[in-house]
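Results of the structural survey
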Amino acid sequence: MNVALPPSSSSPSSSPPPPAESPTTPTPTPTSTTTTSSPAQTPTSSSGSGEPSFMSSPQSGSGTWYDTGLGACGITNNNNQFIAAAAFGMFDNFPNYAGVNPNDNPICGLNVIVYYGGNQVTVTLTDRCAGCTDPTSLDLSPAAFQVLAPLSVGRISITWDWSL
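The rules behind the values
- Per chain, residue numbering runs from 1 following the sequence as it is written.
- Predicted model: local features are reported for residues with pLDDT of at least 70 only, side-chain atom pairs are reported and counted for 80 or more only, and whole-chain, interface and lining totals are derived from all residues.
- Working from all heavy atoms in the structure, the side-chain values ignore hydrogens and water.
- The nonpolar core is taken to be a set of buried Ala, Val, Leu, Ile, Met, Phe, Trp, Tyr and Cys residues, with the residues joined through side-chain atoms within 4.5 Å.
- For each residue, the accessible area found with a 1.4 Å probe, counting protein chains only, is set against the maximum for its type, and the residue is called buried under 20%, exposed over 50%, and partly exposed in between.
- A run of DSSP states H or I qualifies as a helix once it reaches four residues; a run of E qualifies as a strand once it reaches two. Both are numbered from the N-terminal end.
- Throughout, disulfides are identified as pairs of cysteine sulfur atoms within 2.5 Å of each other.

A look at the nonpolar core
- Met-90, Ile-107, Val-114, Leu-138, Leu-140 and Trp-162 are the most contacted members of the largest nonpolar core, which totals 27 residues.
- Of all elements in the fold, only strand E2 (83-87), helix H1 (88-92), strand E3 (111-116), strand E4 (119-129), strand E5 (138-140), helix H2 (142-148) and strand E6 (156-162) reach the threshold of two or more residues within this core.
- The leading source of residues in this core is E6, at four residues.
- Within the second largest apolar cluster, six residues are counted, among which are Tyr-66, Ala-85, Ala-87 and Cys-132.

Set out below in structure tokens:
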């Protein structure tokens, strides 16, 4: 907060300076907030650790495609990018996600390698698939889906691995 000081007089004066005015609004005391940022979480398989089963590799589920846009991670994508929406069961239950702001979900920005019919594509998770009832299903961008199968197929049985 900047406080304007009265102009100072350089010549001596016979009258004392006026008393300093007290502000009508109390000056707030600065507080310090520490935010710790950790590197992106790398999913690992750990038997008996209590982590959700989708944290291990490989996984299998349904692969579908959708028209992209502004995703749950707060990132606007287009149909030509290799991105995917994670099933809501995985997105909502991802380790270290507080469930408050989806933009802060540690799943955002992680990569997975998706396999189908001898083809593979690496995609970045940037969205949440509300219609994916199997927690290991992925909704792919049209560009990513077409690497695996024609869009006309619509739904495929995929396997995928976390890209480390």
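Examining the state of the cysteines
- Scanning all chains against the criterion turns up two disulfides.
- The disulfide that involves Cys-73 links it to Cys-108, with 2.0 Å between the sulfurs. Looking down the S-S bond of the Cys-73 and Cys-108 bridge, the torsion is -85°, so its handedness is left-handed. Of this pair, Cys-73 sits in the loop between strand E1 (59-65) and E2 while Cys-108 sits in the loop between H1 and E3, and the two are 35 residues apart along the sequence.
- Classification of Cys-73 by relative accessible area gives buried; the value is 7%.
- Covalent S-S linkage joins Cys-129 and Cys-132, the inter-sulfur distance amounting to 2.1 Å. Taking the sign of the S-S torsion, 80° for the link of Cys-129 and Cys-132, the bridge is right-handed.
- Note on Cys-129: relative accessible area 7%, which makes it buried.
- With its disulfide-bonded cysteines labelled consecutively along the sequence, the protein is connected as 1-2, 3-4.

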